[in-house]
Amino acid sequence: MSAIDTFWEFFAIAVGLLVVLGGLAATFLRGRGGATKELPREQPTRPTGSAPSAPAETSERDDAGSVDTLPAPSEDSTVGDTTVEETLPPATVPDLDRPEAPQTRLQRLRARLSRSNTALGKGLLALLSRGDLDEEAWEDVEDTLLTADLGVEATTELVDSLRTRLKVHGNADEATVRGWLREELLTLVDPSMDRSIASSRVEGRPAVIVVVGVNGTGKTTTVGKLARVLVAEDKDVVLGAADTFRAAAADQLQTWGERVGVPTIRSDREGADPAAVAFDAVKGAAELEADVVLIDTAGRLHNKVGLMDELGKVKRVIEKQSPLDEVLLVLDATTGQNGLRQAEVFSEVVGITGIVLTKLDGTAKGGIVVAVQRRLGVPVKLIGLGEGPDDLAPFDPAGFVDAIIE
């Protein structure tokens with residue numbers, strides 16, 4: 001064999017060994033997973049404070065997009081029809097005022113009233129207890145009563161009655177005179193008048209109360225305070241903001257209502273038709289099945305014919321849907337006899353059923369109660385003796401007279 005043949009023989013053996021060794025190496029590497037193992041996918045970044053992502057095997061992700069997953073129920077949660085309350089925000093319950101009960105506020109206001117009416121009570125007692133009153137003394141009695149806004153007619157009646165008593169019984173001590181004065185004043189105030197407020201449903205509909213008055217008497221505030229009185233009596237109340245002329249009047253009324261959880265029906269547009277708002281308020285109260293709806297109207301001067309005609313329109317529009325059960329006139333007690341002409345005009349236009357006397361604590365003229373009742377033939381139903389939210393109370397004739405003469 002030549003050297004060349006020997007070389008090729010070894011070369012062939014070497015190549016065969018390399019092929020065998022290469023095959024063994026490839027088989028070994030495939031058994032270990034190979035050199036092309038895929039790296040895991042990079043997970044997306046989660047914002048701080050967000051819920052962790054669901055595991056890949058439970059996610060509904062696919063090439064078309066992703067579906068949000070609900071957080072796992074807490075240990076206290078139950079599966080089934082029960083709501084998982086831990087995942088819901090707590091309900092927000094507004095803090096509502098608790099209006100003072102009418103009887104409680106009467107006792108408090110009585111003490112305040114007795115301090116403000118010294119001229120009518122203590123002044124009269126001082127004069128009548130002197131005994132042997134001459135004509136000059138009786139003139140002083142008359143002046144005291146007139147100053148207290150009792151009115152000429154009522155003053156004459158009271159003086160004549162007291163003079164007769166003194167003639168019959170002679171001189172009397174202060175306790176006796178106090179008793180006489182109480183009887184006579186109570187007769188003038190007339191406890192027989194119906195002073196109840198129509199605040200209960202009538203034949204399946206809400207009672208309708210319209211509140212009227214001139215500017216500056218505290219009319220809107222009175223409506224808000226009256227709502228508190230009725231809420232304290234467990235009435236379902238709806239407010240109607242038909243004072244669309246005065247800026248922020250509807251906001252003011254709504255604030256009063258929100259304090260005691262009472263809804264307010266109003267227009268979103270300033271200067272809207274007050275009759276339309278009043279109509280919507282009555283309609284809304286009926287839909288809510290309320291006990292009573294209180295409608296605030298714009299303050300107006302009694303000698304402005306156009307404004308008074310518009311108030312008459314409000315009344316007529318309401319009556320297309322429901323009868324009016326109350327028309328309350330708010331009077332400022334400090335105006336005294338000047339308020340009586342206002343009362344007469346309002347009564348002619350809308351038919352007043354009751355009087356609300358405000359600011360009675362700021363005057364010694366308690367006789368206006370008698371004067372306005374006699375002039376209109378309607379009772380004083382509510383009195384206001386301060387600026388606090390519960391400083392409005394049903395008028396109690398006996399309590400009023402007792403507060404005056406104590």
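Just so it is clear, the model here is predicted, and its values are computed rather than measured.

About the criteria used
Throughout this document, residue positions are counted from 1 along each chain, in the order its sequence is written. Only residues with pLDDT of 70 or above have their local features reported here, since the model is predicted, and side-chain atom pairs are shown and tallied only from 80 upward, although totals for entire chains, interfaces and linings are computed over all residues. Heavy atoms from the whole structure form the basis of all side-chain values; hydrogens and water molecules are not counted. A run of H or I in DSSP becomes a helix once it reaches four residues, and a run of E becomes a strand once it reaches two; helices and strands are each numbered from the N terminus. Throughout, exposure labels follow a simple rule: accessible area from a 1.4 Å probe, protein chains only, divided by the maximum for the residue type, with under 20% read as buried, over 50% as exposed, and the rest as partly exposed. The contact definition used throughout considers only heavy atoms, calling two residues in contact when any of these lie within 4.5 Å. Residues adjacent in sequence count toward polar contacts only when both atoms are side-chain atoms; beyond that, a polar contact is any pair of N or O atoms within 3.5 Å, and within protein one must be able to donate a hydrogen and the other to accept it. Two joining distances apply to patches: 9 Å for like charges and 5 Å for nonpolar side chains (Val, Leu, Ile, Met, Phe, Trp, Tyr), and every residue must have over 30% relative accessible area and no salt bridge. Computed by Shrake-Rupley with a 1.4 Å probe, the accessible areas treat only the displayed protein chains as cover when residues are assessed. For salt bridges, the criterion is a side-chain nitrogen of Lys or Arg within 4 Å of an Asp or Glu carboxyl oxygen. Charge convention: Lys and Arg are scored as positive, Asp and Glu as negative, and His as well as the terminal groups of each chain are ignored. By convention, the charge on Lys lies at NZ, on Arg at CZ, on Asp at CG and on Glu at CD. Any two rings among Phe, Tyr and Trp, with Trp reduced to its six-membered ring, count as a pair given centres within 6.5 Å; such a pair is stacked if its planes are under 30 degrees apart, edge-to-face if over 60, and tilted if neither. In this analysis the charged atom, NZ for Lys or CZ for Arg, is taken to sit over a ring once it is within 6 Å of the ring centre and within 35 degrees of the ring normal. Here, any two strands with at least 2 DSSP bridges between them count as paired. Fitted lines through C-alpha atoms serve as axes, helices being fitted only where they are in contact, and the angles separating the N-to-C directions of these axes extend from 0 to 180 degrees. Relative orientations are named as follows: roughly parallel for angles under 35 degrees, roughly antiparallel for angles over 145 degrees, roughly perpendicular for angles from 65 to 115 degrees, and oblique for any other angle. Here is the rule for handedness: rotate from the far helix to the near one, and if that takes an anticlockwise turn smaller than a right angle the crossing is left-handed, while a clockwise turn gives right-handed. Gly is put with the polar residues, along with every residue not named as nonpolar or charged; the nonpolar set is Ala, Val, Leu, Ile, Met, Phe, Trp, Tyr, Cys and Pro, and the charged set is Asp, Glu, Lys and Arg. The pLDDT value expresses, per residue, how confident the predictor is, ranging between 0 and 100.

## Details of the overall build of the protein chain
Helix and strand content of the protein chain: 13 helices and eight strands. Taken across its 406 residues, the protein chain has 41% of its residues classed as buried. Pairs at least 24 residues apart make up 76% of the contacts formed inside the protein chain by residues separated by at least 6 positions.

## Digging into the environment of Arg-246
Considering the arrangement of structural elements, one finds Arg-246 in the loop between β2 (237-242) and α8 (249-259). Beyond its immediate chain neighbours, meaning those up to four positions away, Arg-246 contacts Thr-220 and Gln-252. Within the structure, the side chain of Arg-246 is placed 3.0 Å from the side chain of Thr-220, a separation counted as a polar contact.

## A short note on the environment of Gln-107
One can find Gln-107 in helix α2 (residues 102-116). Separated by 292 residues in sequence, Gln-107 and Gly-399 have C-alpha atoms that sit 8.7 Å apart.

## A few points about a negative patch on the surface
The grouping of Asp-134, Glu-136, Glu-139, Asp-140, Glu-142, Asp-143 and Asp-160 at the surface amounts to a negative patch. Following the sequence through the fold, Asp-160 ends up in helix α5 (residues 152-169). With relative accessibility at 44%, the residue Asp-160 sits in the partly exposed group.

## Here's the deal with the packing of aromatic side chains
This model, assessed by the stated rule, comprises one aromatic pair. Aromatic pair Phe-395 and Phe-400: ring centres 5.1 Å apart, planes at 55°, arrangement tilted. The ring of Trp-256 carries the charged tip of Arg-259 above its face, separated from the ring centre by 5.0 Å.

## Regarding the sheet that holds strand β3 (residues 264-265)
Strand order in the open sheet formed by eight strands is β3-β2-β4-β1-β5-β6-β7-β8, with mixed pairing between adjacent strands. Taken across any chain shown, the strands that pair with only one partner, and hence form the sheet edges, are β3 and β8 (392-394). Examined bridge by bridge, β2 and β3 share two bridges and lie parallel to one another. When the bridges of β3 are listed, Leu-239 appears paired with Thr-264. Helix α11 (residues 338-350) contacts β1 (207-213) and β5 (326-332) of the sheet and is inclined by roughly 165° relative to β5.

## Re the pairing of strand β7 (residues 380-384)
Counting buried positions along β7 gives five out of five residues, so the element sits mostly inside the fold. Bridge count between strand β6 (residues 354-358) and β7: three bridges; the pairing is parallel. Bridge pairing links Ile-355 to Val-380 in β7. Note: β7 against β8, three bridges, orientation antiparallel. When the sheet's bridge partners are listed, Leu-382 is paired in β8 with Pro-394.

## Concerning the packing of helix α7 (residues 219-232) against α8
It is at 9 Å that the axes of α7 and α8 come closest, and there the two elements cross at 15°. The orientation of α7 relative to α8 falls into the category roughly parallel. In the packing of α7 onto α8, the handedness of the crossing is right-handed. Each of Thr-220, Thr-221, Val-223, Gly-224, Lys-225 and Arg-228 in α7 lies in contact with α8, whose residues at this interface are Ala-249, Gln-252, Leu-253, Trp-256 and Arg-259. Classifying every residue of the contact of α7 with α8 gives four nonpolar, four polar and three charged.

## Points about the pattern of salt bridges
Evaluation of the coordinates by the stated rule reveals 17 salt bridges. Put simply, Glu-153 and Arg-374 hold a salt bridge, and the shortest N to O gap is 3.2 Å. Residue Glu-153 is located in helix α5, and its partner Arg-374 is located in helix α12 (residues 368-376); the two are separated by 221 residues in the primary sequence. Exposure remark for Glu-153: the relative accessible area of 54% places this residue in the exposed category. In this structure, Arg-165 engages Glu-183 in a salt bridge whose closest nitrogen and oxygen atoms are separated by 2.7 Å. Of this pair, Arg-165 sits in helix α5 while Glu-183 sits in helix α6 (residues 174-189), placing them 18 residues apart in sequence. Connected through salt bridges with shared partners, the residues Lys-219, Asp-243, Arg-246 and Asp-296 form a single ionic network.

## Focus: the confidence of the model for the protein chain
Low-pLDDT portions of the prediction should not be read for the details of their coordinates. Here the protein chain averages 76 in pLDDT, while 69% of its residues score no lower than 70. Low confidence marks residues 29-91, where pLDDT is under 50. Its contacts with residues over four positions away, or in another chain, come to 13 contacts.

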